[in-house]
Amino acid sequence: MSKEIGFGIIGCGTISNWHAGAISEIQGARLVGATDVSKDSREAFAEKWKVKAYESLDELLKDKEIEVVCICTPSGLHAPIAIQAANAGKHVITEKPMAINLKEADEMIATCEKNNVKMAVISQLRFTDAVIKLRDAVKKGMLGKLVSGDIYMKFYRSQEYYDKGGWRGTWKMDGGGALMNQGIHGIDLLQYVMGDVKSVFGHAKTLARDIEVEDTASAVLEFENGALGVIQGTTSIYPGTPRRLEINGDKGTIALEEDSIIVWDILGQEKDPDIVLERTKSGTASNPTAFGIEGHIKQIGDMVEAIKHNKKPLVDQYEGRKPVQIITAIYESSRTGKIVYLK
Ligand SMILES: NC(=O)c1ccc[n+]([C@@H]2O[C@H](COP(=O)([O-])OP(=O)(O)OC[C@H]3O[C@@H](n4cnc5c(N)ncnc54)[C@H](O)[C@@H]3O)[C@@H](O)[C@H]2O)c1
């Protein structure tokens, strides 16, 4: 009889409900309890999901029923909490970004290695059918020589969105803005499909919101394979447009809008009947919570399989580090006015 893997959630705000909902859908996974610095939040969450409320992180980490923690706190706390959890022998699932700088990401990596625990970093869009098909086509060389890979993330977040969270829009707790918070999803997809980034040159500015971090950024990339690319991210344009990822090679183009394939055009090939072109129905361009739990179900399910069979999760700590490296390099480029090489 296989035993269930016990989960504990740290931080009972918005995204914790995606984790709790996903865990409840995964065979072999069980949510044991949760903690939050806010008594009201942890008690309301425990009541909603019928689980234990722990008064502190220490208390949660002492519970032997919990094998995996999901870190759903403000981003600036991911690293210290992950390090404490890994030192307590727990496997870690952390929300994106893995950490807000590379020093902290590297400390997390070293701590997981030292304690022989696994880490998964949430990047739920990697698990969508459209992304899987796109990456598979690129890996098979169907687009020929890769020429360009671009991601456009022109979103709308109101001033109230930033003011309400308290931590959002701050360097200390958000670690950045349009790129580190919202844009990281698309930046991770871009590098996942195109391969490692060699260098970046970027501008990051605060144009329309009263926040410390950037609400708008543009960057030009060179990939290790020689292709070029563009990252465009903002949270301050009205009304917000769907996320668009476009990959071009000398033999074809595939473009995604949100989670839908909108272009699949390959030289000399009939349209594959498995590829359905459709416009996107919804998305997070103007509403940060307008997305389902399917991605979290797949990614937390992938971690459960990784633990059961002692494999690597798809987005482990080394993968989770990559978009943080690209984003912090764009910030450095914007500060210095220079091209930044990633290695
Ligand atoms: N994967 C996604 O699509 C997605 C979507 C939204 C948010 N996120 C990420 O999830 C994280 C949380 O975002 P959110 O929107 O849920 O924020 P939120 O403000 O709604 O919730 C954060 C919660 O953490 C609690 N908290 C703060 N400090 C804590 C501590 N030391 N210990 C325990 N709890 C603490 C707060 O009281 C709050 O309840 C962020 O890192 C964000 O980037 C990811």
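Chains are numbered independently. Their residues run from 1 in the order of the written sequence. For this predicted model, a pLDDT threshold of at least 70 governs which residues receive local features, and a threshold of 80 or more governs which side-chain atom pairs are given and counted, while totals over whole chains, interfaces and linings are taken from all residues. In computing side-chain properties, one takes all heavy atoms of the structure into account and sets aside hydrogens as well as water.

Peer 1: Is there a simple way to explain the site of the ligand in this structure?
Peer 2: Note on definitions. A residue lies near a molecule or strand when any single heavy atom of the residue is within 4 Å of it. The full set close to the ligand counts 23 residues, and Asp36, Ser75, Glu95, Gln124 and Arg168 are the nearest of them. Throughout this description, a polar contact denotes any pair of N or O atoms lying within 3.5 Å of each other; where both atoms belong to protein, one of them has to be capable of donating a hydrogen while the other can accept it, and for residues adjacent in sequence the pair is counted only when both atoms sit in side chains. Note that an oxygen atom of the ligand is positioned 2.6 Å from one of the side-chain N or O atoms of Asp36. Under the scheme applied here, ten amino acids are nonpolar (Ala, Val, Leu, Ile, Met, Phe, Trp, Tyr, Cys and Pro), four are charged (Asp, Glu, Lys and Arg), and all others, including Gly, are polar. Among the residues making up the shell around the ligand, the classes are represented as ten nonpolar, nine polar and four charged.

Peer 1: How should unusual backbone geometry be read in this particular structure?
Peer 2: For residues besides glycine, phi is generally negative; the peptide bonds are generally trans as well. In the segment running from Lys96 into Pro97, the intervening peptide bond is cis, with an omega of -15 degrees. Labels follow the DSSP assignment, with helices taken as runs of H or I lasting at least four residues and strands as runs of E lasting at least two, numbered in each case from the N terminus. Summarising the element assignment, Pro97 is placed in the loop between strand 5 (91–94) and helix 5 (102–115). Notably, Asn116 is not glycine yet its phi reads approximately 55 degrees, a positive angle. Of note, Asn116 is situated in the loop between helix 5 and strand 6 (119–121). Burial classes: relative accessible area under 20% of the type maximum marks a residue as buried, over 50% as exposed, and values in between as partly exposed (1.4 Å probe, protein chains only). Overall, the relative accessible area of 69% leaves Asn116 in the exposed class. The backbone phi angle of Asn310 is positive, close to 50 degrees, even though this residue is not glycine. Looking at Asn310, the relative accessible area reads 63%, which means it is exposed.

Peer 1: Quick question: what am I supposed to make of the sheet that holds strand 11 (residues 244–249) here?
Peer 2: In a beta sheet, neighbouring strands are held together by backbone hydrogen bonds and run either parallel or antiparallel to one another. Strand order in the open sheet formed by eight strands is 13-12-11-7-10-9-8-14, and the pairing between neighbours is mixed. Pairing within the sheet leaves two strands with one partner each, and these edge strands are strand 13 (260–266) and strand 14 (340–341). Strands are labelled as partners when DSSP assigns at least two bridges between them. The sheet contact formed by strand 9 (residues 216–223) and strand 10 (residues 228–234) spans seven bridges and is antiparallel. Among the inter-strand pairings, Ala217 is bridged to a residue of strand 10, identified as Gly233. Should any heavy atoms of two residues lie within 4.5 Å, those residues are counted as being in contact. Orientation is described by axes fitted as lines to C-alpha atoms, over the contacting stretch for helices, and by angles from 0 to 180 degrees between their N-to-C directions. Taken strand by strand, helix 8 (residues 178–194) contacts strand 7 (146–154), strand 8 (197–205), strand 9, strand 10 and strand 11, and its axis lies near 160 degrees from that of strand 7. Packing of helix 10 (residues 317–336) onto the sheet brings it into contact with strand 8, strand 9, strand 10 and strand 14, and relative to strand 8 it is tilted by some 55 degrees.

Peer 1: Quick question: what am I supposed to make of the pairing of strand 4 (residues 68–71) here?
Peer 2: Look at any regular strand and the pattern is simple: side chains alternate between the two faces of the sheet. The two faces of strand 4 match: Val68 and Cys70 on one face and Val69 and Ile71 on the other face are all buried. The pairing of strand 1 (residues 5–10) with strand 4 spans four bridges and is classified as parallel. Considered in strand 4, the bridge of Gly8 is made with Val69. Note: strand 4 against strand 5, four bridges, orientation parallel. Directly across from Ile71, in strand 5, lies its bridge partner Thr94. For the crossover that starts at strand 4, traverses helix 4 (residues 78–87) and ends in the parallel strand 5, the hand is right-handed. We call a crossover right-handed when, viewed with both strands directed away from the observer, the connection leading from the first strand over the helix to the second proceeds clockwise.

Peer 1: For this particular structure, what's the right way to read the packing of helix 8 against helix 10?
Peer 2: At their nearest, the axes of helix 8 and helix 10 sit 9 Å apart, and the two run at 115 degrees to each other. Judged by the twist between their axes, the crossing of helix 8 over helix 10 is right-handed. Taken together, the residues of helix 10 that come into contact with helix 8 (itself represented by Leu179, Met180, Ile184, Ile187, Asp188 and Gln191) are Glu319, Lys322, Pro323, Val324, Ile326, Ile327, Thr328, Ile330 and Tyr331. Along the lines of polarity and charge, the residues of the contact of helix 8 with helix 10 split into ten nonpolar, two polar and three charged. Two helices crossing with the near one rotated counterclockwise from the far one by less than a right angle form a left-handed crossing, whereas a clockwise rotation gives a right-handed crossing.

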